[in-house]
2 protein chains.
Amino acid sequence: MIRISILGVGLIGGSFARSLKRTATATDSFEITGYGRRRELLDRALELGVIDRGETDLARAVAAADVVVLGVPVGAVAELLRQLRPLLTPEMVITDVGSTKGSVVAAAEEVFGAIPPRFIPGHPIAGTEKSGVEAALDDLFVQRRVILTPVEGSDPHALTTVRQLWQQCGAEVVEMSVRQHDEVLAATSHLPHMLAYTLVDTLSRMEEHDDIFRFAAGGFRDFTRIASSNPRMWHDICLNNRAALLKTLEQFGTELERLQEAIRVGDSDVLLRTFTEAKQARDRYATKESSGDE
Amino acid sequence: MIRISILGVGLIGGSFARSLKRTATATDSFEITGYGRRRELLDRALELGVIDRGETDLARAVAAADVVVLGVPVGAVAELLRQLRPLLTPEMVITDVGSTKGSVVAAAEEVFGAIPPRFIPGHPIAGTEKSGVEAALDDLFVQRRVILTPVEGSDPHALTTVRQLWQQCGAEVVEMSVRQHDEVLAATSHLPHMLAYTLVDTLSRMEEHDDIFRFAAGGFRDFTRIASSNPRMWHDICLNNRAALLKTLEQFGTELERLQEAIRVGDSDVLLRTFTEAKQARDRYATKESSGDE
């Protein structure tokens, strides 16, 4: 039996717990302890069967844990690590689920001097615009990717443990460097969220905003769904992946300027080429995705 | 029996034809003629049962028509109207399905001196990222909105005819001014398409673009689906709704700058407030939408 402590039983932590429980067998089982500051949320998680035990005391929550999972937003990781520091044993494997990895590694370095060898930073590329344990699903990670970003000195056994847990949840585990992770996610996730938030914000400031939202078509709904995501989480992501995000925002701004100029001067060639190339890139990618051919 | 000539049997024109045919009764039926320059596309539309007759000759296509529907991209409307001019009778009702209305009215004014009283500009707020008659659906307009933008001097009987045809397709018909239409659509449709195209374009220019597309998650797929739309159509829309689109692009650019600055200086308040307000606006709108309460 593996004893897992999930610190922060929200959408991701709760779905991780549910996924492990779904796949548990008589010989391969888990005892899952949830930690949080609000007793009523832990009681709800217990009631839903997401966790086996709920603790509002961190020391009790991690005592005897084999694996400690940091399930809090990236902005809360540093403080949690500070509190964890005196409670960890050298045997415990630690991992996290944060959307930015550079900031998590930096926080660990600050707290521990160097990132502990058995702390394997991770990030499941899955989620919904919902949050909280009520939204947790036991198949959230099935056929989704989980990125692990081991660093120099990471313990290979700890890496294997974390990898196997995610694989047991149905995920495909890939490794990349911390820097690569933060750049790729800035482009594919953080930038689109900024655009969706800014679009909704822009529209709601327009005089005719009632009409605007009333006549918005399906494409708009899909496009802005991600603007329903947890504001606190995205606040944390912005501040914790600042450099990579600002870089992609700048690149986007340059391309948008170029397009605006083409519209302004009526440059048919630039418009047609931009739209055609984007369509080709999107279609190529969408085809890959649906055939699973990667 | 109403004789309808659809000039340009693509996704929208074809779906209009299919929708009317689906709802036809013994006493309320349609003869649908399709016009296009490529015989093989008309043959395909005939084969699919979308149209009853296919004509590559415009005079033959509109002879004896009760209603003429311009189903071409907005960039092709002016030329089509020039060719139509000598062929129209005062009894014929004309309408179009273009995504911009100011440019269509301007084209009609240029060709006819003033927009003919029986020409009722229209725009169904429906579509998919697909195009062409093969993608035409007989329920594309069910519970979707169709905006009609009659102008001063529009014939009320012609307006009623066009309205009833769309209602027969299952659509909810609303009226607004040409200017209001173009502003609302710039915000809710044209701007999001520009952002999606620009996002995909930006990402495909990045060095790590293979990784970027490989690790893109579900939110990104939804977000960029509209970048698969027909490049020629969007080229036309950009050039035919230039003023309103440039205005919304500028407003968006200002808001994006504001967000970038907040990230740069780490202004938690602005970030949290922006994301929270956007989420509230989006959720309010999404709830309205799903309950049909408007």
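## Notes on the overall build of chain A
Move 1: Secondary structure assignment for chain A yields 12 helices and nine strands.
Move 2: Taken against the 2.2 N^0.38 rule, which gives 19 Å for 294 residues, the C-alpha radius of gyration of chain A at 21 Å falls within 12% of a compact globule.
Move 3: Its C-alpha atoms give chain A principal-axis dimensions of about 65 × 40 × 40 Å.
Move 4: For chain A, the residues scored as buried account for 54% of the 294 residues in total.
Move 5: The long-range share in chain A, meaning contacts at least 24 apart out of those at least 6 apart in sequence, stands at 73%.
Move 6: Of the roughly 12,100 Å² that chain A leaves accessible, carbon and sulfur atoms contribute 48%.
Move 7: Computing the positive centroid from 33 side-chain charges and the negative centroid from 42, chain A places the two 2 Å apart.

## Observations concerning the pairing of strand S8 (residues 145–148) of chain B
Residue and element names in this part refer to chain B.
Move 1: Burial of the side chains of S8 extends over both faces: Arg145 and Ile147 are buried on one face and Val146 and Leu148 on the other.
Move 2: The sheet contact formed by strand S7 (residues 122–124) and S8 spans three bridges and is antiparallel. When the bridges of S8 are listed, His123 appears paired with Ile147.
Move 3: Note that S8 and strand S9 (residues 172–175) share four bridges and pair parallel. Residue Leu148 lies in a different strand from S9, and its bridge partner there is Glu175.
Move 4: Considered for its hand, the β-α-β crossover made up of S8, helix H6 (residues 156–168) and S9 is right-handed.

## What to know about the interface of chain B and chain A
When the parts come together, some accessible area is lost, and that loss is often what is quoted as the size of the interface.
Move 1: Counting from both sides, the interface comprises 83 residues of chain B and, opposite them, 83 residues of chain A.
Move 2: Between chain B and chain A, roughly 8,100 Å² of surface is buried when both sides are summed, and carbon and sulfur atoms account for 68% of that area.
Move 3: The interface formed by chain B and chain A contains four salt bridges.
Move 4: Taking the shortest distance from any N to any O, the salt bridge between Arg205 of chain A and Glu255 of chain B comes out at 3.5 Å.
Move 5: Among the secondary structure elements, those contributing two or more residues to the side of chain B that touches chain A are S8, helix H7 (178–205), helix H8 (209–214), helix H9 (218–224), helix H10 (231–240), helix H11 (242–265) and helix H12 (268–291) of chain B.
Move 6: Per-element tally for the side of chain B that touches chain A: the top contributor is H7 of chain B, with 19 residues.
Move 7: For the side of chain B that touches chain A, a count of residues per class yields 43 nonpolar, 18 polar and 22 charged.

## Topic: the sheet that holds strand S1 (residues 2–7) of chain A
Move 1: If you trace the six strands from one edge of the open sheet to the other, you get S3-S2-S1-S4-S5-S6 (chain A), paired in parallel fashion. Taken across any chain shown, the strands that pair with only one partner, and hence form the sheet edges, are strand S3 (53–55) and strand S6 (119–120) of chain A.

## Details of the pairing of strand S5 (residues 93–96) of chain B
Residue and element names in this part refer to chain B.
Move 1: Side chains of S5 alternate between two faces, with Val93 and Thr95 and Ile94 and Asp96 buried alike.
Move 2: With four bridges connecting them, strand S4 (residues 67–70) and S5 associate as parallel partners. Note that in S5 the partner of Val68 across the bridge is Ile94.
Move 3: A crossover connection joins S4 to the parallel S5 through helix H4 (residues 77–84); in handedness this β-α-β unit is right-handed.
Move 4: Direction of pairing for S5 relative to strand S6 (residues 119–120): parallel, over a ladder of two bridges. Within the sheet, the bridge partner assigned to Thr95 lies in S6 and is Ile120.
Move 5: One crossover worth recording links S5 to the parallel S6 by way of helix H5 (residues 102–112), and it is right-handed.

## Notes on the relation of the copies chain B and chain A
Move 1: Each copy of the sequence occupies a distinct position, and chain B is placed on chain A by a rotation of 180° and an axial shift of 0.0 Å, giving an RMSD of 0.0 Å. The transformation relating the two chain copies, once decomposed into turn and shift, fits a two-fold axis. Minimal C-alpha separation from the rotation axis in chain B is found for Phe223 of chain B, amounting to 2.2 Å.

## So, unusual backbone geometry
All names here are of chain A.
Move 1: Phi is positive for Gln143, which is not a glycine, with a value near 60°.
Move 2: For Gln143, the location among the structural elements is in the loop between strand S7 (122–124) and strand S8 (145–148).
Move 3: A relative accessible area of 74% means that Gln143 is categorised as exposed.

## Points about the nonpolar core
Move 1: One finds Leu70 of chain A together with Leu70 of chain B to be the most contacted residues of the largest nonpolar core, which totals 133 residues.
Move 2: If sequence neighbours within four positions are ignored, Leu70 of chain A has contacts with Leu7, Val77, Leu80, Leu81, Leu84, Ile94, Thr95, Asp96, Val97 and Phe119 of chain A.

## Comments concerning the packing of helix H4 (residues 77–84) of chain A against helix H5 (residues 102–112) of chain A
When two helices pack together, their arrangement is given by the angle between the helix axes and the distance between those axes.
Residue and element names in this part refer to chain A.
Move 1: Look at H4 against H5: their axes get within 9 Å of each other, and the N-to-C directions meet at 30°. Our pair here, H4 against H5, has a crossing hand that is right-handed. Residues Val77, Ala78, Leu81 and Arg82 of H4 touch H5, and the partners they reach there are Val104, Ala107, Ala108, Glu110, Val111 and Phe112.
Move 2: Grouping the amino acids of the contact of H4 with H5 by side-chain chemistry returns eight nonpolar, no polar and two charged.

## Re the sheet that holds S8 of chain B
Residue and element names in this part refer to chain B.
Move 1: Taken together, the three strands give an open sheet; going across it, the order is S7-S8-S9, and neighbouring strands pair in mixed fashion. Looking at the sheet topology across the chains shown, the edges are occupied by S7 and S9. Recorded for the sheet is a direction-independent mean angle of 20° between the axes of neighbouring strands.

## Some details on the packing of aromatic side chains
Move 1: Evaluation of the coordinates by the stated rule reveals six aromatic pairs over all chains.
Move 2: Between the aromatic rings of Phe141 of chain B and Trp166 of chain B, the centroid separation amounts to 4.9 Å while the plane-to-plane angle is 85°, which identifies the pairing as edge-to-face. Here Trp166 of chain B lies in helix H6 and Phe141 of chain B lies in the loop between S7 and S8, a separation of 25 residues in the sequence. Here Phe141 of chain B matches Trp166 of chain B in class, with each residue buried.
Move 3: Among the aromatic residues, those joined into a cluster by ring pairs are Phe16, Phe141 and Trp166 of chain A.

## A word on the pattern of salt bridges
Move 1: This model, assessed by the stated rule, comprises 42 salt bridges over all chains.
Move 2: When the shortest N-O distance is used, the salt bridge between Arg3 of chain A and Asp66 of chain A registers 3.5 Å. Of this pair, Arg3 of chain A sits in strand S1 while Asp66 of chain A sits in the loop between helix H3 (58–62) and strand S4 (67–70), and the two are 63 residues apart along the sequence.
Move 3: Note on Asp66 of chain A: relative accessible area 27%, which makes it partly exposed.
Move 4: One salt bridge in this structure joins Lys101 of chain B and Asp96 of chain B, with 3.0 Å as the shortest N-O distance.
Move 5: Since its relative accessible area comes to 0%, Lys101 of chain B is described here as buried.
Move 6: Judged by relative accessible area, Asp96 of chain B falls into the buried class, the value being 1%.

Parameters and conventions
- Residues numbered from 1 in each chain as written.
- Chains lettered and ligands numbered in written order.
- Predicted model: local features only at pLDDT ≥ 70, side-chain atom pairs only at ≥ 80, totals over all residues.
- Heavy atoms only, no water.
- Helix = DSSP H or I, 4+ residues; strand = E, 2+ residues; numbered from the N terminus.
- Rg over C-alpha atoms; globule rule 2.2 N^0.38 Å.
- Buried < 20%, exposed > 50% of the residue type's maximum accessible area, 1.4 Å probe, protein only.
- Contact = heavy atoms within 4.5 Å.
- Areas by Shrake-Rupley, 256 points an atom, 1.4 Å probe, with all protein chains shown as cover.
- Lys, Arg positive; Asp, Glu negative; His and termini not counted.
- Charge placed at Lys NZ, Arg CZ, Asp CG, Glu CD.
- Pairing = 2+ DSSP bridges.
- Right-handed = clockwise from strand over helix to strand, strands pointing away.
- Buried area = accessible area lost by both parts, 1.4 Å probe.
- Salt bridge = Lys/Arg side-chain N within 4 Å of Asp/Glu carboxyl O.
- Nonpolar A, V, L, I, M, F, W, Y, C, P; charged D, E, K, R; others polar.
- Least-squares fit on C-alpha atoms with pLDDT ≥ 70 in both.
- Core = buried A, V, L, I, M, F, W, Y, C linked by side-chain atoms within 4.5 Å.
- Axes fitted to C-alpha atoms, helices over the stretch in contact; angles between N-to-C directions.
- Left-handed = near helix turned anticlockwise from the far one by under 90°.
- Phe/Tyr/Trp six-rings, centres within 6.5 Å; stacked < 30°, edge-to-face > 60°.

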